[in-house]
Amino acid sequence: MAVDRTPVLKRCRSLGIDPQVLGINKKSNRSVRSGRKVSEYGLQLREKQKAKFIYGVLEKPFRNMFAKAQKVRTGTTGENLMILLELRLDNVIFRMGYGRTRKEARQIVDHKHVLVNGKQVNIPSYRVKPGDVIEIKEKHKSSQRYKDILEVTGARLVPAWLEADHENLSGTVKEIPSREQIDVPVNETLIVELYSK
């Protein structure tokens with residue numbers, strides 16, 4: 001599988017992302033300096049790379065998700081793309097506070113710690129639906145790992161479209177998020193322009 005080995009903070013700097021978006025509580029001490037004027041294509045490409053990097057999605061799955069977003073009859077393609085990215089199981093685990101970063105949330109899903117409606121799901125890209133109940137498996141709930149994670153993420157705000165019960169390490173998807181509820185610094189319009197060339 002393709003792995004991006006670029007240091008995370010370096011990648012954040014090059015894309016102009018605050019590391020906190022990824023769940024990393026480090027302030028990048030260097031500001032983003034750009035001496036050159038970036039072309040329109042360069043701006044569009046940067047937005048796509050930002051979205052892929054934040055959600056940890058590779059090019060092919062990202063392109064497939066874009067194709068799905070185009071087929072949705074309501075809303076704009078860009079908004080639908082952001083909503084589809086947000087509804088990924090690894091992202092939902094991160095949003096509920098059961099993973100410090102999306103990368104860690106993906107690993108938790110990969111390691112078969114997660115149940116969706118009582119069934120084990122180990123596919124990070126699994127798309128959750130409103131009404132889905134997501135929880136950490138009973139045998140892992142008492143592990144030190146989750147105590148450590150909640151110590152870091154306990155104060156993190158859970159988005160309004162999700163409900164999280166930190167006592168029982170479970171949560172519910174209340175509704176499909178609207179674009180306003182997705183606090184990711186990505187201009188999805190530029191991604192749409194890039195793909196529609």
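Keep in mind that what you see is a predicted model, and the values were worked out from it rather than measured.

Caption draft 1: Looking closely at the nonpolar core. Of all hydrophobic cores here, the largest spans 47 residues; its most connected members are Leu-89, Val-114 and Ile-134. With sequence-adjacent residues up to four places away left out, Val-114 is seen in contact with Leu-89, Ile-93, Ile-108, Val-109, Lys-119, Gln-120, Val-121, Ile-134, Glu-135 and Ile-136.

Caption draft 2: Region of interest: unusual backbone geometry. Positive phi values are uncommon outside glycine, yet Lys-112 reaches one of about 60°. Relative to the elements of secondary structure, Lys-112 occurs in the loop between helix H6 (102-110) and strand S1 (114-116). For Lys-112, a relative accessible area of 39% corresponds to the partly exposed category. Notably, Leu-169 is not glycine yet its phi reads approximately 50°, a positive angle.

Caption draft 3: The arrangement of the pattern of salt bridges in detail. Tallied over the full model, the rule gives 13 salt bridges. Lys-50 is paired through a salt bridge with Glu-47; the nearest N and O atoms lie 3.2 Å apart. Of this pair, Lys-50 and Glu-47 are both found in helix H2 (residues 40-55), three residues apart, which corresponds to roughly one turn of the helix. Glu-47 matches Lys-50 in its accessibility class, with the two residues each being buried. In this structure, Lys-52 and Glu-59 form a salt bridge, with 2.9 Å as the shortest nitrogen-oxygen distance.

About the criteria used
- Residues numbered from 1 in each chain as written.
- Predicted model: local features only at pLDDT ≥ 70, side-chain atom pairs only at ≥ 80, totals over all residues.
- Heavy atoms only, no water.
- Core = buried A, V, L, I, M, F, W, Y, C linked by side-chain atoms within 4.5 Å.
- Buried < 20%, exposed > 50% of the residue type's maximum accessible area, 1.4 Å probe, protein only.
- Contact = heavy atoms within 4.5 Å.
- Helix = DSSP H or I, 4+ residues; strand = E, 2+ residues; numbered from the N terminus.
- Salt bridge = Lys/Arg side-chain N within 4 Å of Asp/Glu carboxyl O.

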